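Single-letter residue listing:
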2 protein chains.
Amino acid sequence: MDRRQQKTRDAIFKAFSKLLEQKRYGNITVQEIIDEANIGRSTFYAHFETKDELLKALCTDIFSHVFSDELIAEKTHDFSGGNSDLEAKLTHLLNHLRDSKKNIVGILSCESGELFMRYFKEYLTEVFSKYLNEIKANAPADFVLNHLVGSFAETVNWWIGKNMKYTPEETARYYIEVSCTNRITNKYARKKHIYVHSHEGYQGI
Amino acid sequence: MDRRQQKTRDAIFKAFSKLLEQKRYGNITVQEIIDEANIGRSTFYAHFETKDELLKALCTDIFSHVFSDELIAEKTHDFSGGNSDLEAKLTHLLNHLRDSKKNIVGILSCESGELFMRYFKEYLTEVFSKYLNEIKANAPADFVLNHLVGSFAETVNWWIGKNMKYTPEETARYYIEVSCTNRITNKYARKKHIYVHSHEGYQGI
DNA sequence: AATTATATCGAACAACGTGTTCAATAGCAA
DNA sequence: TTGCTATTGAACACGTTGTTCGATATAATT
């Protein structure tokens, strides 16, 4: 890619991110992005047809970093780890999100969060669907999958909104505890039709 | 309230709802609302300062219907019903939402859903916080409360998006099953430090 | 019914944002 | 150097916004 293009694209992303920290997505104008990025008006439209396209590109950019390791790791996933495997994945994901904090905090505010969340949940659905057949509940599979994805997305949103007051490790553990304890079994147990508790067990405190 | 005001307000709400079914909140203009409602430009601004104010008012309007019974019922809530009480409340709430389908489906689309969800979760937080001390998990109370509220809001959003393919009764039961089974105890059990399962019990299927 | 109060109308207005065009300029690559 | 391409900035037509104000229509009060 031409150095000039990359430079312009970076400037636009940087300006957009900065503006997202200051105000709502819907109230940000292309004019402001142009001014903040210090580029020509026609240059912006040479890169992005619309503001939505820019947001989509920024989300994709962030997710490619956040999920890259996860997607690679999935290929070696052998379903033998029970929920500790899922917990490790989620912890890893939260760590990535924390490192991208600057961008994501801005994006999650108000309306732009809607688009971000949609893309985010698409990725999460991929991750969770790999574990779906290990989770048991008296509810249809599509309900459970949506519940897992949605509640994790909500948890992340809340966690970031609370300035990440808990560590990624704590947050992942709490999530597993509330969403999955007593629901995850491993391959061996399923084969034997024995349903086991999580590695920590349910302590009822 | 002056009959003229009420008539105008209704016309605006009706027009706004209709437009929300056709296109995204962010792409709806005040001009379109005016044309659809067939009112004068200055009349609109006499009622609402901005489009956001209109959305907020519409949400409040819907919630006042959806939650009114719940809020009244709360006053007579005696914490003795375990999760069956919560399940009844949620079923009732879902029934109301189904009856308001026409409005809500439009609102939940895209960006406007963000605002709707925020207000919705505010109400839900009130409802769930009444039950929080009955729910046990190895996680902080604020985490659990957010998880319950967030996952239910997500469930509702998903349920509506799936054209309410499950009945309100089924949906509430699935939610309780996935979110609360093995987590809800009653006052008596807590006093004795005995942790009991829900009335249906966890069947591990 | 007559009067008072006020909601609506509709046209006009300035200010701003949008998306496009185009010729000139500047930077990259071979 | 030479060609290729990205950027520039001004200009344009167009739509949206939010406000103003006198005229009109409708409701509430007596």
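As the structure is a prediction and not an experimental result, all values here were calculated from the model.

### Notes on the nonpolar core
So, step 1. Counting residues in each nonpolar core, the largest one holds 128 residues, and the members touching the most others are Phe120 and Phe128 of chain A together with Phe120 and Phe128 of chain B.
So, step 2. Excluding anything up to four places from it in sequence, phenylalanine 120 of chain A contacts Phe63, Phe67, Leu93, Leu97, Ala153 and Val156 of chain A.

### Side note on the protein's contact with DNA strand D
So, step 1. Close to DNA strand D lie 18 residues, the nearest being Thr8, Ser42 and Thr43 of chain A together with Arg3 and Arg4 of chain B.
So, step 2. Backbone atoms, meaning sugar plus phosphate, form 57% of the atoms of DNA strand D positioned within 4 Å of the protein.
So, step 3. In the model, a phosphate oxygen of DNA strand D is placed 3.1 Å from a nitrogen or oxygen of the histidine 47 of chain A side chain.
So, step 4. Within the backbone of glutamine 31 of chain B, an N or O atom sits 3.4 Å from a phosphate oxygen of DNA strand D.
So, step 5. Counting only elements with at least two residues in the surface near DNA strand D, the list comes to helix H1 (3-22) and helix H3 (41-47) of chain A together with helix H1 (3-22), helix H2 (30-37) and helix H3 (41-47) of chain B.
So, step 6. Split by residue class, the surface near DNA strand D holds 3 nonpolar, 9 polar and 6 charged.

### A few points about the packing of aromatic side chains
Residue and element names in this part refer to chain A.
So, step 1. Evaluated as defined, the whole model comprises 36 aromatic pairs over all chains.
So, step 2. By the ring-pair criterion, three or more aromatic residues cluster together here, those being Phe63, Phe67, Phe116, Phe120 and Tyr123.
So, step 3. A cation over an aromatic ring shows up here: lysine 51 above the ring of tyrosine 25, its NZ or CZ 4.6 Å from the ring centre.

### Examining the confidence of the model for chain A
All names here are of chain A.
So, step 1. Per-residue pLDDT for chain A averages 80, and the proportion of residues at 70 or more is 79%.
So, step 2. Predicted confidence in chain A is weakest over helix H10 (residues 187-191), with a mean pLDDT of 33, and strongest over H3, with 97.
So, step 3. Note on residues 185-205: pLDDT is under 50 here. Beyond four places in sequence and across chains, it has 37 contacts.

### Things to note about the protein's contact with DNA strand C
So, step 1. Taken together, 20 residues sit near DNA strand C, with Arg3 of chain A together with Thr8, Gly40, Ser42 and Thr43 of chain B positioned nearest.
So, step 2. Protein-proximal atoms of DNA strand C, defined as those within 4 Å of the protein, fall in sugar or phosphate at a share of 58%.
So, step 3. Note that a base nitrogen of DNA strand C is positioned 3.1 Å from one of the side-chain N or O atoms of arginine 41 of chain A.
So, step 4. Contact between DNA strand C and serine 42 of chain B: a base oxygen at 2.6 Å from a side-chain N or O atom of the residue.
So, step 5. For the surface near DNA strand C, the secondary structure elements donating two or more residues are H1, helix H2 (30-37) and H3 of chain A together with H1 and H3 of chain B.
So, step 6. When residues in the surface near DNA strand C are grouped by element, the largest group, 4 residues, is from H3 of chain B.
So, step 7. The residue inventory of the surface near DNA strand C, partitioned by class, reads 3 nonpolar, 10 polar and 7 charged.

### Remarks on the packing of helix H6 (residues 101-108) of chain A against helix H7 (residues 112-129) of chain A
All names here are of chain A.
So, step 1. Between H6 and H7, the least distance of the axes is 7 Å, while the angle of their chain directions is 115°. Contacts between H6 and H7 pair Ile104, Gly106, Ile107 and Leu108 from the former with Ser112, Gly113, Phe116 and Met117 from the latter.
So, step 2. Grouping the amino acids of the contact of H6 with H7 by side-chain chemistry returns 5 nonpolar, 3 polar and no charged.

Conventions and cut-offs
Residues numbered from 1 in each chain as written. Chains lettered and ligands numbered in written order. Predicted model: local features only at pLDDT ≥ 70, side-chain atom pairs only at ≥ 80, totals over all residues. Heavy atoms only, no water. Core = buried A, V, L, I, M, F, W, Y, C linked by side-chain atoms within 4.5 Å. Buried < 20%, exposed > 50% of the residue type's maximum accessible area, 1.4 Å probe, protein only. Contact = heavy atoms within 4.5 Å. Near = heavy atom within 4 Å. Polar contact = N/O pair within 3.5 Å; in protein donor to acceptor, adjacent residues only side chain to side chain. Helix = DSSP H or I, 4+ residues; strand = E, 2+ residues; numbered from the N terminus. Nonpolar A, V, L, I, M, F, W, Y, C, P; charged D, E, K, R; others polar. Phe/Tyr/Trp six-rings, centres within 6.5 Å; stacked < 30°, edge-to-face > 60°. Lys NZ or Arg CZ within 6 Å of the ring centre and 35° of its normal. pLDDT = per-residue confidence, 0-100. Axes fitted to C-alpha atoms, helices over the stretch in contact; angles between N-to-C directions.

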